[in-house]
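# Per-entry structural report
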Amino acid sequence: MKSAGERKSISQNARRVDSVKLAAGRGTFVDDIKLEGMLFAKILHSPHAHARIKSMDIHKAEQLRGVHCVLTHQNVPRVPYTTAGQGWPEPSPYDAVMFDSVVRFVGDRVACVAAETEEIAERALDLIEVEYEVLNANFDPRKAMEAKTPKLHLDSDKRGIYSPQRNIAAHVEAQVGDVEKGFQEAEVIHEGEYSVHYVQQSSIEPHITITWLDEDGRLIVRTSTQVPFHVRRIIAPLLGLPIQRIRVIKPRIGGGFGGKQEILIEDLCGMITMRTSRPCRMEFTRAEELHAARTRHPQIVRVKSGARKDGTLTALSMNILENTGAYGTHALTVQCVSGSRALSLYRCPNIQFEANAVYTNLPVAGAFRGYGSPQGFFAVDSHMDELAEKLGVDPLEFRKKNHVQEGDPTPIAEVLGEGREGFRQIIRSCGLGECIQRGAREVDWKKNRNANPASSLHNLKPSEGPHWARGIGMACTMQASGIPGVDMGAAWIKMNEDGSFNLKVGATDIGTGADTMFAQIAAETLGTSPDKILVYSSDTDMTPFDPGAYASSTTYISGTAVKKACEQVREQIVQVGEEMLNSEKTAKKSGKGAPVEKKNLMVHEGRVCAPDGRHVTFEEVCLRSLYQENQFQIQGHASHMSYDSPPPFCAQFAEVEVDVETGVVRVVRVVSAVDCGVAINPKMAEGQIEGAVTQAIGYALTEQMIFDDKGRPLNLSFRDYNIFTAVDMPELKSFLIETYEPTGPYGAKAIAEIPINGVAPAIANAVYNAIGIRFRELPLTPEKVLKAIQERLASQQP
């Protein structure tokens, strides 16, 4: 364990390794290349929520000048697969095919056209004649399992579906202890139902892919993805190609947030290139992103808790009904995470969890930053506020009394795992108590929590008093660092003659600064500076394997692989350095002839240093190893997989104002205190917090995918789908509470996902503090809030 003073490259705000090329706009993103003979592909999406394609005539489209390829279910192989970019064997059902004769939501694939321009491709889509038999559709997850509800996936060739006859894509249940006994022992029992909605990842760069054939006839896929190795493995059988014929390259990405942990368009571009031998480009429009890409899973969550009067929890149960939409991507694992994270945060001997992910004829849900945790924590940490009130205790003190501590196990996470049974987890680092204290001090919790004397709206009537009510709320959350026993990352590094290093990692930087973090870990291990580390990542031909950017695994898993590989290289550098320092030539040059042992040497600022002051530079070491004596390439490679998954922790506080005349909720300030272990780059870590909070406020207040009674999306642009922007943002304050995680690289844990989990319950709890009305359904729109205020005021009339 290095003290803060001993750290040279880690815990420093090193400049991002990609900063100059990003600022200069140099060929960085997928679309920053132009290829001769490029075709442009467009998808014909279903206008119906559920229909069978009775007939399709593509003749006119094919005859249109400039059209080179038309794909439909009639002319591509039928190969069941999942679009979920997960480790093999994927826990998601194989319920999709490239094109099907049945469409299951508005936006489903019907056909794809490739032409010499986008305009020609769009004109060709209009020329495709499709006759549909419109089928009954279901948009209500509560009705999905009923016998009379249309069944979406009865095809015999699909597999991995829990119950096709009941529209259940995935089911899971788990228990720790004796829940019935726990409720019998409780002196206070509380129940509540909470509902979270459809939202979209809204990456500024949409899904985009360019494919071409190289000089050897291999398919090259340049794509905006979080999971290049999964892309290669998943599209290979769809295209009828061996993996060795496919190379996937991930350049810089304009946002991923889980939405690009999906194989959405790579198969189509690949098929077109294979059939035409021409490059192909496809880019989703914003409208396509908002209804034909992926979303966060809506959930209806029932929580029941039991406690003694002193605030000790005796039982906790959670039941989830999850809407996975038309296909079951990530259905099982998202609901597992909802339970394993939220139910692990508080000490409770008796825990029960059950969840069903059901199909509906609405857009497909998938991975989204937090991956089930925002849904679970909105329910559980709203519920904990309610339970604390029922017990008559301060919700902050209630959380301090009950949250997990160092040395505690997380047994429900062990039982649930993520798609399969997990591994025993012991919390080795936990700064949540300090996070709570730091956040509470920043917002002056005790003073401001009790500042509003109104527990009801009786003295907030618009005609009789001020129309803005102020409140404060909080929430606590945890996440994980990778998937234990599943995620494995690898790294390779070699030394160059000038003392620089080439570091290759399969891990995927999706704008988070991962490549910079790797450079800092490498530099710290090697005793050099980050600018001496040349990072190349995410190329299935040129870099070692990595599952990709998801599950908050990059720093913890891939970063450890980098550290292990660099330790090998450091050992080789020191070995050569010892030989050089003990050589007759070096001894004469320095005038000091005492032999030095390797164990007494250290690497520092690009040199191998002896205790007596002698040193050789990295440049001298490499030149000797490559050209002079006992020649060999100084290099190292390592893989890392962990059965541990240390949780980062977070306490978040929200101050809000509620306009009781309009129902508008205005967030005044959000304070986040996060324990991510040792932050490799504090400034980048703070950036992750601020970005996550921005998304989370939108989740709580404004973002919502809206559909009509036919399942058609109604808000297909950022004019109507309202994400928070810079001008909308409240004051943000972020604190990094340092702990040391003994299993992480230099004490680090994850940071990217956890700050998105607690903002929504903190805001809802703050609204309750402001106006005395509890909201258990997101988002807190002005219409919803105003209606509740009016109903409360009407009920208070004499």
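In this report, we go over the structure that sits alongside the text. (Residues numbered from 1 in each chain as written. Predicted model: local features only at pLDDT ≥ 70, side-chain atom pairs only at ≥ 80, totals over all residues. Heavy atoms only, no water.)

### Overview of the pattern of salt bridges
- Per the stated rule, a full pass over the model turns up 53 salt bridges.
- The shortest N-O distance in the salt bridge between E129 and K60 comes to 3.0 Å. In this pair, E129 is assigned in strand β6 (residues 129-134) and K60 in helix α2 (residues 59-63), connecting sequence segments 69 residues apart.
- Linking E185 and R308 is a salt bridge whose minimum nitrogen-to-oxygen distance equals 3.7 Å. Taken as a pair, E185 in helix α4 (residues 179-185) and R308 in the loop between β13 (299-307) and β14 (313-325) lie far apart in primary sequence, 123 residues in all. (Salt bridge = Lys/Arg side-chain N within 4 Å of Asp/Glu carboxyl O. Helix = DSSP H or I, 4+ residues; strand = E, 2+ residues; numbered from the N terminus.)

### Some points on the state of the cysteines
- Throughout the structure, instances matching the rule amount to 0 disulfides.
- With no disulfide partner, C69 has as its closest neighbouring cysteine sulfur the one in C112, 7.4 Å distant.
- For C69, a relative accessible area of 7% gives the class buried.
- No disulfide involves C676; its sulfur sits 9.2 Å from that of C435, the nearest cysteine.
- Classification of C676 as buried rests on a relative accessible area of 3%. (Disulfide = S-S within 2.5 Å. Buried < 20%, exposed > 50% of the residue type's maximum accessible area, 1.4 Å probe, protein only.)

### Concerning the sheet that holds strand β4 (residues 102-103)
- Reading across the sheet, the 3 strands line up as β4-β2-β6 and stay open at both edges, with antiparallel pairing between neighbours. Both edges of this open sheet fall to β4 and β6, since each of them pairs with a single strand only. (Pairing = 2+ DSSP bridges.)

### Concerning the sheet that holds strand β24 (residues 649-659)
- One open sheet accounts for 4 strands, arranged β16-β24-β25-β26; its pairing is mixed. Bordering the open sheet on either side are β16 (468-478) and β26 (731-736), each of which pairs with just one other strand. Mean inter-strand twist for the sheet, computed between neighbouring axes without regard to direction, equals 10°. (Axes fitted to C-alpha atoms, helices over the stretch in contact; angles between N-to-C directions.)

### Focus: the pairing of strand β2 (residues 51-57)
- When β2 meets β4, the two strands line up antiparallel, connected through 2 bridges. Looking at β4, one finds that R52 is bridged to V102.
- Here β2 runs beside β6; their pairing, made up of 6 bridges, is antiparallel. Note on β6: the bridge partner recorded for I53 is Y132.

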